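Working through the structure, step by step
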Amino acid sequence: MTELAITSGRSSLAGEEAIVYPSFEGAAEASGLPFELVPYMAKRGEATWFFGRRGERHYLVIGLGRREELTLERVREAAGIAGRALRKPGFRSAAVSLAFGSSEAFGEDEIVSAWTEGWLLGTYEFNEYRSSRTSSPMESLHFLTSEEYGSEIERVRDRVEAVKLARDLVNEPGDRLNPDVFAERIVERFIGTSVKIKVYKGLELAERGMNGLLTVGRGSRYSPALVELVYDPVPGEAPIALVGKGVTFDMGGMNVKTANDISDARMDMGGAAAVVGALDLLVRTKARRNVVALIPIADNVPGPGACLPSEVVAYPNGLTVQVKNTDAEGRLIMADAMLHAAKFDPAELIDVATLTGNVGQALGLGIAGMWGDAGMTARLHKAGEACGDRIWAMPLMDDYEEQLRSDYADLSNWAPTPYGGAILAALFLRRFSGGVPWVHIDMANTSQAKSERSYYPVGASGYGVRLLADYILGN
Ligand code: BES
Ligand code: ZN
Ligand code: ZN
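Residues numbered from 1 in each chain as written. Chains lettered and ligands numbered in written order. Predicted model: local features only at pLDDT ≥ 70, side-chain atom pairs only at ≥ 80, totals over all residues. Heavy atoms only, no water.

1. Considering the site of ligand 1
As a matter of local geometry, ligand 1 sits amid 14 residues, with Asp-250, Asp-268, Asp-327, Glu-329 and Gly-357 nearest to it. Within the side chain of Asp-268, an N or O atom sits 2.9 Å from a nitrogen atom of ligand 1. Separating an oxygen atom of ligand 1 from a side-chain N or O atom of Asp-327 is a distance of 2.8 Å. Within the complex, the protein chains bury 69% of what would otherwise be the 510 Å² of accessible surface of ligand 1. Among the residues forming the shell around ligand 1, the class breakdown is 4 nonpolar, 3 polar and 7 charged. (Near = heavy atom within 4 Å. Polar contact = N/O pair within 3.5 Å; in protein donor to acceptor, adjacent residues only side chain to side chain. Areas by Shrake-Rupley, 256 points an atom, 1.4 Å probe, with all protein chains shown as cover. Nonpolar A, V, L, I, M, F, W, Y, C, P; charged D, E, K, R; others polar.)

2. A closer look at the coordination of the zinc ion (ligand 3)
Taken together, the protein ligands of the zinc ion (ligand 3) are Lys-245 (NZ), Asp-250 (OD), Asp-268 (OD) and Glu-329 (OE), with distances of 1.9 to 2.4 Å. Relative to the metal, the 6 donor atoms surrounding the zinc ion (ligand 3) lie at angles of 78 to 174 degrees, and the coordination shape comes out octahedral. Here the donor residues of the zinc ion (ligand 3) are spaced in sequence according to K-x4-D-x17-D-x60-E. Metal-to-metal, the separation of the zinc ion (ligand 3) and the zinc ion (ligand 2) is 3.3 Å; Asp-250 coordinates the two. Placement of Asp-250 in strand β10 (residues 246-250) and of Glu-329 in the loop between β13 (320-322) and α8 (330-341) is noted, with a sequence separation of 79 residues between them. For Glu-329, a relative accessible area of 0% corresponds to the buried category. (Donors = N, O, S within 2.8 Å, 3.2 Å for Na, K, Ca; no water. Tetrahedral: all angles 85-135°; square planar, octahedral: opposite > 155°, others 65-115°. Helix = DSSP H or I, 4+ residues; strand = E, 2+ residues; numbered from the N terminus. Buried < 20%, exposed > 50% of the residue type's maximum accessible area, 1.4 Å probe, protein only.)

3. Considerations on the sheet that holds strand β12 (residues 312-314)
The sheet built from 3 strands is open, its strands ordered β12-β13-β17 with mixed pairing. At either end of the open sheet lies a strand with only one pairing partner, and these are β12 and β17 (411-412). Both β13 and β17 contribute to a ladder of 2 bridges, which runs parallel. Paired with Val-321 across the two strands is Leu-411, which belongs to β17. (Pairing = 2+ DSSP bridges.)

4. Quick look at the environment of Ala-293
Relative to the assigned elements, Ala-293 resides in strand β11 (residues 291-300). Between the alpha carbons of Ala-293 and Val-227 there is a distance of 7.9 Å; along the sequence they are 66 residues apart. When neighbours within four sequence positions are excluded, Ala-293 is seen to be in contact with Val-227, Glu-228, Leu-229, Leu-242, Val-275 and Leu-279. (Contact = heavy atoms within 4.5 Å.)

5. Points about the sheet that holds strand β3 (residues 47-50)
Picture the strands of a sheet paired through backbone hydrogen bonds; they go either parallel or antiparallel. Here 6 strands make up an open sheet; going across it, the order is β1-β6-β5-β2-β4-β3 and the pairing mixed. At either margin of the open sheet sits one strand with a lone partner, and together these are β1 (5-9) and β3. In this sheet, adjacent strand axes meet at a mean angle of 20 degrees when their direction is disregarded. In this structure, strand β2 (residues 18-24) lies alongside strand β4 (residues 58-65), joined through 7 bridges in parallel fashion. If you follow Ser-23 over to β4, its bridge partner there is Gly-63. The strands touched by helix α1 (residues 72-87) are β2, β3, β4 and β5 (93-97); relative to β4, the strand with the most contacts, the crossing angle is about 150 degrees. Across the sheet, helix α2 (residues 108-122) is in contact with β1, β2, β5 and β6 (140-144); its angle to β6 comes to roughly 155 degrees. (Axes fitted to C-alpha atoms, helices over the stretch in contact; angles between N-to-C directions.)

6. With respect to the packing of aromatic side chains
Aromatic rings in a pair are described by how distant their centres are and how their planes are angled relative to each other. Applying the stated criterion to the full structure yields 11 aromatic pairs. Ring geometry for Phe-51 against Phe-91: centres 6.5 Å apart, planes inclined by 55 degrees, an arrangement best described as tilted. Residue Phe-51 is located in the loop between β3 and β4, and its partner Phe-91 is located in the loop between α1 and β5; the two are separated by 40 residues in the primary sequence. Consider the rings of Trp-115 and Trp-119, whose centres lie 6.4 Å apart with planes at 35 degrees: the pair is tilted. One end of the pair is Trp-115 and the other is Trp-119, both in helix α2 and 4 residues apart, which spans about a single turn. In this structure, Trp-115 and Trp-119 share a single accessibility class: buried. Connected via pairs of aromatic rings, a cluster forms that spans Tyr-21, Phe-35, Phe-50 and Tyr-59. Sitting above the plane of the Tyr-124 ring, Arg-167 keeps its charged end 5.2 Å from the centroid. (Phe/Tyr/Trp six-rings, centres within 6.5 Å; stacked < 30°, edge-to-face > 60°. Lys NZ or Arg CZ within 6 Å of the ring centre and 35° of its normal.)

7. Remarks on the domain arrangement of the protein chain
In terms of domains, the protein chain is made up of domain 1 (5-148) and domain 2 (160-474). If you average the C-alpha positions of domain 1 and of domain 2, the two centres end up 36 Å apart. Of the residues lining the interface, 16 residues belong to domain 1; the matching set on domain 2 comes to 19 residues. With both chains or domains summed, domain 1 and domain 2 bury close to 1600 Å², and 58% of this area falls on carbon and sulfur atoms. At the surface where domain 1 touches domain 2, the tally comes to 2 salt bridges. (Domains from an automatic or database assignment. Buried area = accessible area lost by both parts, 1.4 Å probe. Salt bridge = Lys/Arg side-chain N within 4 Å of Asp/Glu carboxyl O.)

8. With respect to α2
Taking 1.5 Å of rise per residue, 15 residues should cover 21 Å, and α2 covers 21 Å from first to last C-alpha, within 8% of that figure. By the criterion of burial, α2 is predominantly enclosed, with 13 of the 15 residues buried. (Expected span 1.5 Å × (residues − 1).)

9. Re the pattern of salt bridges
The full count for this structure, using the stated rule, is 37 salt bridges. Between Glu-329 and Lys-245 there is a salt bridge; the shortest N-O distance is 3.0 Å. Here Glu-329 is found in the loop between β13 and α8, whereas its partner Lys-245 is found in the loop between β9 (240-244) and β10, with 84 residues between them in sequence. For Asp-250, the salt bridge goes to Lys-257, with nearest N and O atoms at 3.8 Å. What you see here is one network of salt bridges that share partners, running through Glu-117, Arg-159, Asp-389, Arg-466 and Asp-470.

10. Notes on the side chain of Ser-220
Tracing the backbone shows Ser-220 in the loop between α6 (211-216) and β8 (225-231). For Ser-220, the side chain forms a polar contact with the side chain of Asp-299, separated by 2.9 Å. Each residue touching Ser-220, except ones within four places of it in the same chain, is listed here: Asp-299 and Val-301.

Shown next, in the form of structure tokens:
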């Protein structure tokens, strides 16, 4: 398949089949279009076609909402909607009029970048298992701008590739992306780069006391693994450690999930994919920051030999954990990887996981939750607002910690309350953060789009890739 050619600059229109006109509310009359626009067409998210007569061009008006409310995220959103609208009739080439951007708070370069990002992410498709594509691909996109932005567009392409990598991994069905395949795909991505790769399995896990992983993975015919990726371009700099939950299928273990459609349980490695995608982007762009990525991988399925509720897991930091519910498996495997992170003397530790349904109860589906170090959460919030991976700081309620007590171990992995589950999970993980400045990110609510919106097609969102990479780069 040929890649979409994206160009920019003053060159006059070639044979583009359609021209896209992003429009602000209240500014319709200034559009320069030979059509009468009505106000609703400029409403945020609206897409209106003016199909040309024979031999004429087609026009697509995209609503941007109010001019004073414009953000780069709104541009990405409009671009995603425009990209999909253009693909439906099967058009192959289009031009985009970006004249609106130049006088705004944003530079034309930023508008071009945001539009490109939204467009490419919004038209992403996962076609691995379809007998035919759902729509025909576009061949060329031209920005009507005052200058050329070739290098900006290339930079965005790197960003998009990293997000696509994460989406591709998360969308894979559970049988295909089993623990063996997941570890192999991560190795494949970084082999031949400067990243040092290690995959711990079996005895190597046992020798290191990674009993959470070994316990959770016991029900599966695929053995669990810890993938360790060390990227250290800066000699002597303490790394940032990233830990990503990699449960390739969360069937709940012996506390088996019983809902009707549980195919989304394949997406329980969204945290791992975010970490892999972020490192992909950092390596691709030769970022000068040291990063250690740790990815605990396991299948949480019932089966002969699977972990039985009541079992006690002993961790190398001396803590023992009673498994009351095998569906609270994420924290059990994250604990192993977080303790392992301490071996690298990291300056900071960030763990990312699709950890609790409860985070969605608290925050809805548009913004992930985070807990931990105040300085780090403030910077993550800022990075998230800028890049579109939104995130909100939540409290570590010390008073709730007693709910994690066990009658015969130091801790329990489950608390007998329907309230505050995401906070309890964060409190659990805090016990394994080793005193390093730490943030826990629960992205169970943002890992996928249930219905098409903005620049998210249905399926994996790629959440966390841009957030983590931008945070690490200090953007
Ligand atoms: N992977 C799930 C959390 C999840 C739920 C992710 C919904 C995405 C969508 C996690 O392992 C889990 O099952 N959590 C339980 C915890 C409970 C047993 C303490 C939950 O959230 O119900
Ligand atoms: Zn679970
Ligand atoms: Zn899970």
